[in-house]
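Descriptive analysis of the structure
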Amino acid sequence: MERKNKTTGVVAGIIANLVIVEVDGPVAQNEICFIQHPENNLMAEVIKIMGKNVYVQVFESTRGLKVGTKAEFEGHLLEVTLGPGILSRNYDGLQNDLDKMDGVFLKRGDYTDPLDREKKWDWTPIAKVGDEVSAGSWLGEVPENSMPHRIMVPFKFKGSYTVKKVVEPGQYTVDDVVATVTDADGNDIDLTMVQKWPVKMAVKAYSEKPRPFKLLQTGVRTLDTLNPIAEGGTGFIPGPFGTGKTVLQHAISKFGEADIVIIAACGERANEVVEIFTEFPELEDPRTGRKLIERTTIIANTSNMPVAAREASVYTAMTLGEYYRSMGLKVLLMADSTSRWAQALREMSNRLEELPGPDAFPMDLTAIISSFYARAGFVYLNNGESGSITFIGTVSPAGGNLKEPVTESTRKAARCFYGLNQGRADSKRYPAIDPIDSYSKYLEYPEVMDFLKENVGENWLSDVNKAKTLLLRGREAQEQINILGDDGVPLEFHERFWNSELIDAVILQQDSFDKIDANCPMPRQKYMLEKVLGITDMKFSFDSFDDVNAFFKRIINLLKQMNYSEWDSDKFKSYENELEDIMKGSLKEEALVGKTL
Ligand code: ADP
Ligand code: MG
């Protein structure tokens, strides 16, 4: 898109944030332009080209803008500036540093530098003089908080280059030249720590993208045990307002197995975004003992920002993820809620008067969502190292209707479905993930099954299936009890119901606000599942359904206390002993013979 002369134009029409510009030269889809404005020029992006008439979406309020105003096209797409110093920061969708502003929101037309140009970084070279390098090759690294930030040959470089010079270890700013490379024609090119990537187009920063095969532990039992997500996998959490989407995403951010956490907060309410700014800096990182924010970047928007800025934020977040992935790091990317993004797409599509799809969303909504989710993944880099982006988005279906277009489209794109159930949320069964409707397609991948067998246990998958069957049978038994009454069904139905309650209370339910229960590592998940399944296998002697209820309530209480106690502590063991005493007392005589608990 390099041009000799800048293309310019004049505003010919204004429909809220959609502006029609009549141009005098070539422009490209998604190219950035600035519309002149008395206070500050307004940034906009080309979204449709109709001959001389170009439709641009303005990232700011267009209040006061007049027909006839001049616009200048920049010759590049919407892009982010990449380099050390992105972690710990709060950006908006256009990568403005929110901490450099007064309050949470920018004044119209203000754009801030996403990087610190003064700070010196502790450079260690990786490449040597004479090395053949190409786009993505690691030239050196600087520690960014606790992470190794690799400085790479920019991805827009084509072909191969020879390293002519690499600076000595030492302190450098992001704009200092750290390496010089020579291209095939003998031209020398100086490189700094900064590069720019377009956000809406994936930069192919890897050599291979195999199917995800490793488990990514989240510390959330109902995910890891029942429907695990793979490292580099995709998942989504649809749930009506107030069912726990945000709490669940935050839990995953805190305890998920990742080097880098990127959160795109497209808040439903402004205070949700403010909450994330106040809550996250306080959080301890269970993996490093330092602060979680040291390896987190937050991209925040609220619904009162112009739609175009909201739309950009998920792409900005994904691009930052791709950048860190190409350093060989494990990135966990969260977007809450992607419905706000889809709504931004809808508003623009409606203003463009495009032929609408279902519920007035754009016709190609499914394709847009799918190509976004497809940017996640586990990759091998050119140097043989691996990196990943695991992506989980939330969806807030209007009126809780899971048949609405955003949920339907996302279902086609994401491999894990974690549906939040209003009934479970109402009865405070958190996380309110429906154990029966939810799924993980990774459990169908032979490579994932092998990984789980090898790393969690040979019997793990059969145990998990057994738990799922018991949950389903429990639900059926409950329906029968509801129809026929407590006395109208055999005692066995009550036992079936309570077996599923046991799994629900001990495995599915988890208190995100409890210091210990909030995070459940895999060995502990396995221990508890085996414990619970062992109980469901036992034959107890009960005289009445009251007996059944009382017995299960007691043991559920003890097992929950175990969940709240430090793993393997004296307290944990004393609850466990108490549990075994109660069970021994209730076992059928014949069941006791030759059996150890
Ligand atoms: P949503 O984002 O779906 O609107 P939130 O994540 O804000 O919903 O959750 C709403 C409320 O539900 C929280 O403020 C909290 O009280 C409760 N809640 C949700 N998940 C949990 C959980 N895992 N443990 C305890 N409480 C929870
Ligand atoms: Mg929320």
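Residues numbered from 1 in each chain as written. Chains lettered and ligands numbered in written order. Predicted model: local features only at pLDDT ≥ 70, side-chain atom pairs only at ≥ 80, totals over all residues. Heavy atoms only, no water.

1. What about the nonpolar core?
Put simply, the test is: As used in this record, nonpolar core signifies buried Ala, Val, Leu, Ile, Met, Phe, Trp, Tyr and Cys residues forming a set joined through side-chain atoms within 4.5 Å. When accessible area is computed with a 1.4 Å probe and restricted to protein chains, residues below 20% of their type maximum are described as buried, those above 50% as exposed, and intermediate ones as partly exposed. Strands here mean DSSP runs of E at least two residues long; helices mean DSSP runs of H or I at least four residues long; both are numbered from the N terminus.
In this structure, W123, M193 and Y324 are the most contacted members of the largest nonpolar core, which totals 81 residues. By residue number, the principal contributor to this core is helix α4 (residues 307–325), which donates 9 residues. By size, the runner-up hydrophobic cluster in this structure holds 80 residues, among which are L248, M334, F551 and F552.

2. Details of the environment of A135
Counted only if it meets this: Note on definitions: a residue-residue contact is assigned when non-hydrogen atoms from the two residues lie within 4.5 Å.
Looking at the secondary structure, you find A135 in the loop between β10 (132–134) and β11 (138–144). For A135, a relative accessible area of 14% translates into the label buried. Once the C-alpha coordinates of A135 and V153 are considered, the two residues, 18 residues apart in sequence, prove to be 4.9 Å apart. Among all residues touching A135, those that are not within four sequence positions of it are V153, P154, F155, F157 and N382.

3. A few points about the site of ligand 1
The criterion, for reference: One heavy atom within 4 Å of a molecule or strand is enough for the residue carrying it to be called near that molecule or strand. Counting of polar contacts relies on pairs of N or O atoms within 3.5 Å, with two restrictions inside protein: one atom must be capable of donating a hydrogen and the other of accepting it, and residues adjacent in sequence are counted only when both atoms are side-chain atoms. In short, Shrake-Rupley with a 1.4 Å probe defines the accessible areas, and a residue's cover is counted only from the protein chains shown. Nonpolar residues are Ala, Val, Leu, Ile, Met, Phe, Trp, Tyr, Cys and Pro. Charged residues are Asp, Glu, Lys and Arg, and all others, Gly as well, are polar.
Around ligand 1 lies a shell formed by P240, F241, G242, T243, G244, K245, T246, V247, Y430, Q510, S512 and F513. Here an oxygen atom of ligand 1 and a side-chain polar atom of T246 are 2.7 Å apart. Protein chains bury 77% of the 560 Å² of accessible surface belonging to ligand 1 in isolation. Partitioned by chemical class, the residues of the shell around ligand 1 number 5 nonpolar, 6 polar and 1 charged.

4. Quick notes on helix α13 (residues 545–564)
Condition: One less than the number of residues in a helix, times 1.5 Å, gives the span that helix is expected to have.
A rise of 1.5 Å per residue sets the reference length of α13, with its 20 residues, at 28 Å; its end C-alpha atoms lie 28 Å apart and thus fit the reference within 8%. When we look at burial in α13, the residues that qualify are F545, V548, N549, F551, F552, I555, I556, L558, L559, M562 and N563. Against the buried residues of α13 lie α1 (221–226), α11 (491–508), α12 (522–537) and α14 (570–586).

5. Describing the sheet that holds β10
Which entries qualify depends on this criterion: By this definition, two strands are paired if DSSP reports at least two bridges between them. Only the contacting stretch of a helix is used when fitting its axis, a line to C-alpha atoms as for every element, and angles between N-to-C directions run 0 to 180 degrees.
Read from one edge of the open sheet, 4 strands run β10-β13-β15-β16, paired in antiparallel fashion. One side of each edge strand has no neighbouring strand; the edge strands of this open sheet are β10 and β16 (188–191). In this sheet, adjacent strand axes meet at a mean angle of 45 degrees when their direction is disregarded.

6. Observations regarding the sheet that holds strand β6 (residues 70–77)
Spatially, 6 strands are ordered β1-β2-β5-β4-β3-β6 in a closed barrel, and the strand pairing comes out antiparallel. Averaged over all neighbouring strand pairs, the angle between strand axes comes to 45 degrees, with direction disregarded. Pairing geometry for strand β1 (residues 8–15) and β6, over 3 bridges, is antiparallel. From the neighbouring strand, V10 faces β6, where its bridge partner is K70.

7. So, the side chain of D504
Here D504 is to be found in helix α11. Residue D504 is classed as buried on the basis of its relative accessible area, which comes to 5%. Within the structure, the side chain of D504 is placed 2.7 Å from the side chain of R429, a separation counted as a polar contact.

8. Some thoughts on the UniProt feature "domain: ATPsynthase alpha/beta subunit barrel-sandwich" (unreviewed entry) in the protein chain
To be explicit about the condition: UniProt positions are given in the numbering used here, feature names are shortened, and annotations may be inferred rather than shown by experiment.
UniProt marks residues 113–200 with the feature "domain: ATPsynthase alpha/beta subunit barrel-sandwich" (unreviewed entry), using the numbering shown here. In the segment residues 113–200, helix accounts for 0% and strand for 49%; the C-alpha atoms at its two ends are 20 Å apart.

9. Details of the packing of aromatic side chains
Our working definition: When the centres of two rings from Phe, Tyr and Trp lie within 6.5 Å, Trp using its six-membered ring, the rings pair. Their planes under 30 degrees apart give stacked, over 60 give edge-to-face, and anything left gives tilted.
For the structure shown, the criterion picks out 25 aromatic pairs. Residues F372 and Y373 carry aromatic rings whose centres are separated by 6.4 Å and whose planes lie at 80 degrees to one another, so their mutual orientation is edge-to-face. For the ring pair Y527 and W567, a centre distance of 5.3 Å and an interplane angle of 80 degrees mean the geometry is edge-to-face. Of this pair, Y527 sits in helix α12 while W567 is found in the loop between α13 and α14, placing the two residues 40 residues apart along the sequence. Site record: aromatic cluster; members linked through ring pairs are F497, W498, F540, F542, F551 and F552.

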